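Working through the structure, step by step
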Amino acid sequence: MPRPVTEPIYLSTTYRRNPDGSYDDGYIYSRADNPNRRTLEKQLAELEGGETAYAFSSGMAAIQAMFLALKTGDHILIPDDAYYNVRLLLDEVMTQWGLQHSIVDMSDTAAIRAACRPATKLIWLETPSNPQLKLTDISAVVDIAGSVGAKVAVDNTWPTPIHQRPLDLGADFVVHSSTKYFGGHSDVLGGALVAKVNDQMAEKIGRIQHVGGAVPSPMDCYLVSRGLQTLGLRVRRQSATAGELATYLYGHPEIEDVRYPGLESHPQHALARIQMKDGFGAMLSVLVKGDGQRAREVANTLNHFTLATSLGGVESLVEHRRSVEGPGSLTPDNLLRLSIGIEPVDTLIADWQHALKG
Ligand SMILES: *Cc1c(COP(=O)(O)O)cnc(C)c1O
């Protein structure tokens, strides 16, 4: 037998049974388990410091599994600027199943406490938030949740475990869109859910993954695993570049404001310094002086930033967020959301210099 350094991709959906009926290593059928998925789930649990991890076919599938693990009549709190599709999932699908939710400004601890009800079973956080880059004090929310008997789940897609480890701060669950920094190359869709302890709710999520079947393919597991091997290198570089670009843009006369937790001007910079480590992430939002039309002109003039949605890849992207979110969006019209890639910082700064002149 060859002895590969890199794990082969196991495409087989089914596994040979032994004469006595047993299965080697517990592999039976690939919806239930697959070697590439097991490898990925082990990496995910280690990265976030949890006991158990589950890989899903998308970030939204992981988020839905979390919601499905709750019961009819349960109430959850979500941020006022939650990832857009989380809001749609609750409004259009989960409400039908009797899951209730309230929308809260998660940068306001008193408002979070006031929004809790006896039925509140989950507090859902995204910090830094999308696209306003607001922060939530995870430890403070963990205290509130403990006093009302709710669990805390954090969507850690943006900061990644390189900059923020919510389970270490007392959160119960971490969710990821692996499509973003974990995959890292804009070529694989995936999701992850990591549980701090393998309790009843974690087991239920495992059943939902196994029985519900929103599992990633072996190839997708392989791609996310491969992406994770360079996560630290990519993200540290991307965040350092984001910090430099944020500083450059903040001082520019054509820019109204820059939302980036690493800037001293960020209203929660002090919290960012405590809660995040080794940098502040590679996402920033830029408010261009003028109206939405002017912001879109600037976005169209950039050469090295591709005009596209999504984030976390090695290439820099720019997006006029309000037009993506559509009617009802609370995002300012002159806001451009940037996902910073691994290009040299000088190239990206020169690109903005040129676009803001033009
Ligand atoms: C992209 C994203 C999601 C959804 O993940 P998919 O992989 O697209 O299903 C959830 N949360 C955040 C913060 C995201 O950026």
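In this report, the structure presented in the accompanying data block is examined. Since the model is a prediction, treat every value here as computed from it, not as a measurement. (Residues numbered from 1 in each chain as written. Predicted model: local features only at pLDDT ≥ 70, side-chain atom pairs only at ≥ 80, totals over all residues. Heavy atoms only, no water.)

The next thing to look at is the overall build of the chain. Scanning the chain from terminus to terminus reveals 13 helices and twelve strands. Looking at the chain as a whole, 53% of its 358 residues are labelled buried. Pairs at least 24 apart in sequence give 70% of the contacts found in the chain among residues at least 6 apart. The average position of the 33 basic charges and that of the 41 acidic charges among the side chains of the chain differ by 4 Å. (Helix = DSSP H or I, 4+ residues; strand = E, 2+ residues; numbered from the N terminus. Buried < 20%, exposed > 50% of the residue type's maximum accessible area, 1.4 Å probe, protein only. Contact = heavy atoms within 4.5 Å. Lys, Arg positive; Asp, Glu negative; His and termini not counted. Charge placed at Lys NZ, Arg CZ, Asp CG, Glu CD.)

On to the site of the ligand. Near the ligand lie 13 residues; those nearest to it are Met60, Asp155, Ser177, Thr179 and Lys180. Between the ligand and Gly59 there is a distance of 2.9 Å, counted from an oxygen atom to a backbone nitrogen or oxygen. Between Thr179 and the ligand, the recorded distance is 2.7 Å, taken from a side-chain N or O atom to an oxygen atom. Protein burial of the ligand: of its 380 Å² of free accessible surface, 91% is covered by the chains. Broken down by element, the shell around the ligand gets its largest block of residues, three residues, from helix H2 (residues 59-68). Its residues placed into classes, the shell around the ligand shows five nonpolar, six polar and two charged. (Near = heavy atom within 4 Å. Polar contact = N/O pair within 3.5 Å; in protein donor to acceptor, adjacent residues only side chain to side chain. Areas by Shrake-Rupley, 256 points an atom, 1.4 Å probe, with all protein chains shown as cover. Nonpolar A, V, L, I, M, F, W, Y, C, P; charged D, E, K, R; others polar.)

Given a rise of 1.5 Å per residue, 20 residues ought to cover 28 Å, and the 28 Å separating the end C-alpha atoms of helix H9 (residues 231-250) matches this to within 8%. For H9, the full list of buried residues reads Leu231, Gly232, Arg234, Val235, Gln238, Ser239, Thr241, Ala242, Gly243, Leu245, Ala246 and Leu249. (Expected span 1.5 Å × (residues − 1).)

Ranked by size, the top nonpolar core spans 73 residues in total, and within it Ile123, Leu338 and Trp352 carry the most contacts. Those residues in contact with Leu338, other than ones at most four positions away along the chain, are Leu245, Leu249, Ala282, Met283, Leu284, Val286, Phe305, Leu317, Val318 and Trp352. (Core = buried A, V, L, I, M, F, W, Y, C linked by side-chain atoms within 4.5 Å.)

A few words on unusual backbone geometry. Of note, the amide linkage connecting Thr127 to Pro128 takes the cis form, showing an omega dihedral of 0 degrees. Relative to the assigned elements, Pro128 resides in the loop between strand S4 (120-126) and helix H5 (138-148). Phi at Asp25 is positive, roughly 55 degrees, even though this residue is not glycine. Relative to the elements of secondary structure, Asp25 occurs in the segment before helix H1 (35-48). Asp25 sits in the exposed class, given a relative accessible area of 60%. With a phi close to 60 degrees, Thr160 is a non-glycine residue in the positive phi region. Among the structural elements, Thr160 can be located in helix H6 (residues 160-163). Taking relative accessible area as the criterion, Thr160 reaches 0% and is therefore assigned buried.

Now for the pattern of salt bridges. Under the defined criterion, the tally for this structure stands at 14 salt bridges. Across the salt bridge formed by Lys134 and Asp105, the nearest N and O atoms sit 3.3 Å from each other. In this pair, Lys134 is assigned in the loop between S4 and H5 and Asp105 in the loop between strand S3 (100-104) and helix H4 (109-115), connecting sequence segments 29 residues apart. The partner of Asp168 in a salt bridge is Arg165, with the nearest N and O atoms 2.9 Å apart. (Salt bridge = Lys/Arg side-chain N within 4 Å of Asp/Glu carboxyl O.)

If you check helix H8 (residues 218-229), its first and last C-alpha atoms are 17 Å apart, about what twelve residues at 1.5 Å a residue would give, namely 16 Å. Looking at H8, one finds that the buried residues are Pro218, Cys221, Tyr222, Leu223, Val224, Ser225, Gly227 and Leu228. Its buried side turned inward, H8 meets H1 and H9.

Sheets are built from strands paired through backbone hydrogen bonds, the pairs being either parallel or antiparallel. The seven strands are arranged S1-S7-S6-S5-S4-S2-S3 in an open sheet whose pairing can be described as mixed. The open sheet is flanked by strand S1 (52-56) and S3, the only strands paired with a single partner. For this sheet, the mean angle separating the axes of adjacent strands, direction not counted, is 20 degrees. Of the pairings in the sheet, the one linking S4 to strand S5 (residues 151-155) comprises five bridges and is parallel in character. Within S5, the residue paired with Leu125 across the bridge is Val154. (Pairing = 2+ DSSP bridges. Axes fitted to C-alpha atoms, helices over the stretch in contact; angles between N-to-C directions.)

Looking now at a nonpolar patch on the surface. Side chains of Ile9, Leu11 and Met219 sit close together on the surface and give an oily, nonpolar patch of about 280 Å² of accessible area. Assignment of secondary structure puts Met219 in helix H8. According to the relative accessible area criterion, Met219 is partly exposed, its value standing at 39%. (Patch = residues over 30% accessible without salt bridge, like charges linked within 9 Å, V, L, I, M, F, W, Y side chains within 5 Å.)

The geometry of an aromatic ring pair comes down to the distance between the two centres and the angle between the two planes. A complete count under the given rule lists three aromatic pairs for this structure. Each ring, one from Phe67 and one from Trp124, has its centre 5.6 Å from the other, and the planes form 65 degrees; the classification is edge-to-face. Taken as a pair, Phe67 in helix H2 and Trp124 in strand S4 lie far apart in primary sequence, 57 residues in all. One exposure class covers both Phe67 and Trp124, and it is buried. (Phe/Tyr/Trp six-rings, centres within 6.5 Å; stacked < 30°, edge-to-face > 60°.)

On their own, these measurements won't tell you what the molecule is for.
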